[in-house]
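Structure assessment
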Amino acid sequence: MPEAQPLTTHSINHEATFDLDSTNAFEGPEKLLEVWFTPSPELLPMSAQPDGLKSVSEDTWKAMLDIVRCKVLSTVRNEHVDAYLLSESSMFVFPHKLILKTCGTTTLLSGLPELLRIAAQEAGFADGGDAAAVPYRVFYSRKSFMFPHKQMHPHQSWKDEVDFLDRWFGSGSAYMVGKTNGEHWYLYLTTPGSELSPPLTPQNEMEDMELERRHTETKMLQFPDAEASIFKNIGGGRDGGSGNGIFDETLEVLMMDLDPVKARQFYLEDASAVAADGFRKQNGDERRAEDDESDRKSIDSGFADLPEDLKSEGHALGAVVSEACGLNVVYPRSKYPDACVDSYIFAPCGYSANGVIPHPDPKVATTHYFTVHVTPEPHCSYASFETNVPGRQSGRETAEILEHVVKIFRPGRFSVTLFEAKPVAFESRPYREHFHDLSASRRSVRMDKIKGYKRIDKIVHDLDGYDLVFRYYERDGLKGGTKACRGF
């Protein structure tokens, strides 16, 4: 009888992990691109490969990521998603959509033309051999950069990014959420079923073209009144498919000014000390390393028998950090037995992790994700957490997940964006719609009261199929802190 295949498989690209150095990776805030080719994996076109985008080879994705200027460190795969941990953040490939999140000075949007080509010619999301696939929906977002002058084309300003996207999409909308002279967040999105902007000009020619078509105006989202309603709309293409999308939510937490003690968890030296302590206990040795100056100068001092992978950057120490800081129990194995966390710690500091979270009920064929990235240096400290695991599935309110994450980093400031799709069935069932509104209102009140923090801003917006709620918080008693860049 053939041996059963594991639900989740994990592979490491040792070539890409050799001699990585995070010293100059100071721009923590990521660029985030989501491209949907159908509303769900059950609705792939007849022309598509059976697994859609998941049918595309890893080598093909690596070539696209070369354009973006990042490398694959490792992958975790199951039947629903391929999760790529990158040298600069993460990529998630589902049959019907791709999520690409990159930090530093990566050129994420430069990879978009190649992505559309791959979707058309290798995944089959095009009729008649078209050169580029037409997405169902596109979402691009980021917070204001800390060091915008370091970015490369087309990311040197929000206007440049919008101009680039306008060349490809005929009905995009651009938004700036938050204060122009404070913390703000940018979003560009298309409506369901938008067409590509004709003609499909080759990339090398596009670089030389003057932008003759309209420039999408960046809209300023206004603060709601105290009685602002919770908007109601059908799910517009952010569902995960497989029957669980009608209550979909995507949470993103962007944290700045990390507590210095909490930030030390994500330094190689400190992680090795934690690993050494665990290694000694595991081997029945309760002796403590001498805490003298020589020990502080070398993480190897006193730990000659410590395995090499617990003294150097990589996945082994990444796993130690995930457990020690508490990220492993955001979605615990006791509830999600098939969950897998793929993590990596950089030298001299920095941390990335992808979590692949299959539904706890094996009869429900869907997988969610979370992703975490940390830049702990004090002059530019930053951490992000993103997940689409529905709160009702985890048994914890979204506010509880948020408090758990914030406790790990104790940031001085953080912003939260929450997308929530609304079920179409409620439009014809007013009583249930009212019940849902009351529940959403209670959740909203809970999100406004995060222990140890004061909510400074809140913006609610209806974006064609789901609600966007943006909140910005500052720690109680916070003084000073790094001001966000204006207009970038």
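Residues numbered from 1 in each chain as written. Predicted model: local features only at pLDDT ≥ 70, side-chain atom pairs only at ≥ 80, totals over all residues. Heavy atoms only, no water.

**Considering the overall build of the protein chain**
In terms of regular secondary structure, the protein chain is built from twelve helices and 18 strands. Classification of the 488 residues of the protein chain by burial places 56% in the buried group. Partitioning the contacts of the protein chain with sequence separation of at least 6, the portion at a separation of at least 24 is 74%. Accessible surface computed for the protein chain: about 21700 Å², of which carbon and sulfur atoms make up 52%. (Helix = DSSP H or I, 4+ residues; strand = E, 2+ residues; numbered from the N terminus. Buried < 20%, exposed > 50% of the residue type's maximum accessible area, 1.4 Å probe, protein only. Contact = heavy atoms within 4.5 Å. Areas by Shrake-Rupley, 256 points an atom, 1.4 Å probe, with all protein chains shown as cover.)

**Re the packing of aromatic side chains**
Overall, the coordinates contain 13 aromatic pairs when judged by the stated rule. Ring geometry for Tyr331 against Phe370: centres 5.8 Å apart, planes inclined by 40°, an arrangement best described as tilted. Remark: Phe370 occurs in strand S14 (residues 367–375) and Tyr331 occurs in the loop between helix H9 (315–325) and strand S12 (340–345); sequence separation between them is 39 residues. Taking relative accessible area as the criterion, Phe370 reaches 1% and is therefore assigned buried. Judged by centre distance (4.5 Å) and plane angle (15°), the rings of Phe414 and Tyr473 are stacked. Of this pair, Phe414 sits in strand S16 (residues 413–421) while Tyr473 sits in strand S18 (residues 466–475), placing them 59 residues apart in sequence. Tyr473 shares its class with Phe414; the two are buried. One aromatic cluster is present, built from ring pairs that chain together Tyr331, Tyr336, Phe370 and Phe385. Across the ring face of Phe94, the terminal group of Lys97 is positioned such that the distance to the ring centre comes to 4.6 Å. (Phe/Tyr/Trp six-rings, centres within 6.5 Å; stacked < 30°, edge-to-face > 60°. Lys NZ or Arg CZ within 6 Å of the ring centre and 35° of its normal.)

**Digging into the pairing of S16**
When you tally the buried positions in S16, you get nine out of nine residues, the bulk of the element. Neither face of S16 is left uncovered, since the one carrying Arg413, Ser415, Thr417, Phe419 and Ala421 and the one carrying Phe414, Val416, Leu418 and Glu420 both have all their residues buried. Pairing analysis gives eight bridges linking strand S11 (residues 249–256) to S16, with the strands arranged antiparallel. By the bridge assignment for S16, Met255 is matched with Phe414. (Pairing = 2+ DSSP bridges.)

**Focus on H9**
Of all the positions in H9, only His315, Leu317, Gly318, Val320, Val321, Ser322 and Cys325 are classed as buried. Of the residues one or two after H9, Gly326 is the one with positive phi, at around 105°.

**A few points about unusual backbone geometry**
In this structure, Pro154 follows His153 across a cis peptide bond, with omega equal to 5°. Mapped onto the fold, Pro154 is located in the loop between strand S7 (137–143) and helix H4 (158–168). Each neighbour pair has its own omega, and for Ala347 with Pro348 the value is 0°, a cis peptide bond. Structurally, Pro348 is set in the loop between S12 and strand S13 (351–358). Unusually for a residue other than glycine, Ser89 sits at a positive phi of about 90°. On the accessibility criterion, Ser89 (1% relative accessible area) is buried. Positive phi, normally seen in glycine, also occurs at Asp257, with a value near 55°.

**Thoughts on the confidence of the model for the protein chain**
Here the protein chain shows a mean pLDDT of 79. Residues at 70 or above account for 73%. Within the model, pLDDT remains below 50 along residues 17–23, and this stretch shows 22 contacts once partners closer than five positions in the same chain are excluded. pLDDT under 50 marks residues 286–302. Its contacts with residues more than four places away, or in other chains, come to 15 contacts. (pLDDT = per-residue confidence, 0-100.)

**Considerations on helix H3 (residues 112–121)**
Across the ten residues of H3, seven count as buried, placing the element largely inside the fold. Among all positions of H3, only Leu112, Pro113, Leu115, Leu116, Ile118, Ala119 and Ala120 are buried.

**Remarks on the pairing of S11**
Regular strands show a simple pattern: their side chains alternate between the two faces of the sheet. Counting buried positions along S11 yields eight of eight residues, so the element is predominantly enclosed. Across the two faces of S11 the burial is the same, with Glu249, Leu251, Val253 and Met255 and Thr250, Glu252, Leu254 and Met256 all buried. Of the strand pairs in this sheet, S11 and strand S15 (residues 382–387) are connected by six bridges, and their pairing is antiparallel. Residue pairing for S15: Leu251 is matched across the bridge by Thr387.

**Examining the environment of Arg333**
Topologically, Arg333 is positioned in the loop between H9 and S12. Residue Arg333 is classed as exposed on the basis of its relative accessible area of 52%. The spacing of Arg333 and Pro360 is 27 residues in sequence and 9.6 Å in space, taken between C-alpha atoms. Other than its neighbours up to four places away in sequence, Arg333 contacts Ala339 and Cys340. A distance of 2.8 Å separates a polar side-chain atom of Arg333 from the backbone oxygen of Ala339. (Polar contact = N/O pair within 3.5 Å; in protein donor to acceptor, adjacent residues only side chain to side chain.)

**Examining the sheet that holds S16**
Strand order in the open sheet formed by eight strands is S12-S13-S14-S15-S11-S16-S18-S17, and the pairing between neighbours is antiparallel. At either margin of the open sheet sits one strand with a lone partner, and together these are S12 and strand S17 (453–462). Each adjacent strand pair in this sheet contributes to an overall mean axis angle of 10°, direction not counted. The pairing of S14 with S15 spans six bridges and is classified as antiparallel. (Axes fitted to C-alpha atoms, helices over the stretch in contact; angles between N-to-C directions.)

**Comments concerning the nonpolar core**
Formed by 47 residues in total, the largest nonpolar core has its most connected members in Met255, Tyr331, Phe385, Leu402, Phe409 and Phe414. The element that contributes the greatest number of residues to this core is helix H11 (residues 398–409), accounting for seven residues. Those residues within four positions of Tyr331 in sequence are excluded, and the remaining contacts are Tyr336, Ile357, Phe370, Phe385, Thr387, Val389, Ser394 and Ile401. Counting residues in hydrophobic clusters, the runner-up holds 45 residues, among them Leu44, Phe169, Met176 and Tyr188. (Core = buried A, V, L, I, M, F, W, Y, C linked by side-chain atoms within 4.5 Å.)

**Quick notes on the packing of H3 against H4**
Relative to each other, H3 and H4 sit at 25°, their axes nearing to 11 Å. In terms of orientation, H3 and H4 fall into the roughly parallel class. In this structure, H3 meets H4 at a crossing whose hand is right-handed. Residues Leu112, Pro113 and Leu116 of H3 lie in contact with H4, whose contacting residues are Phe164, Leu165 and Trp168. Taken together, the residues that form the contact of H3 with H4 break down as six nonpolar, no polar and no charged. (Parallel < 35°, antiparallel > 145°, perpendicular 65-115°, else oblique. Left-handed = near helix turned anticlockwise from the far one by under 90°. Nonpolar A, V, L, I, M, F, W, Y, C, P; charged D, E, K, R; others polar.)

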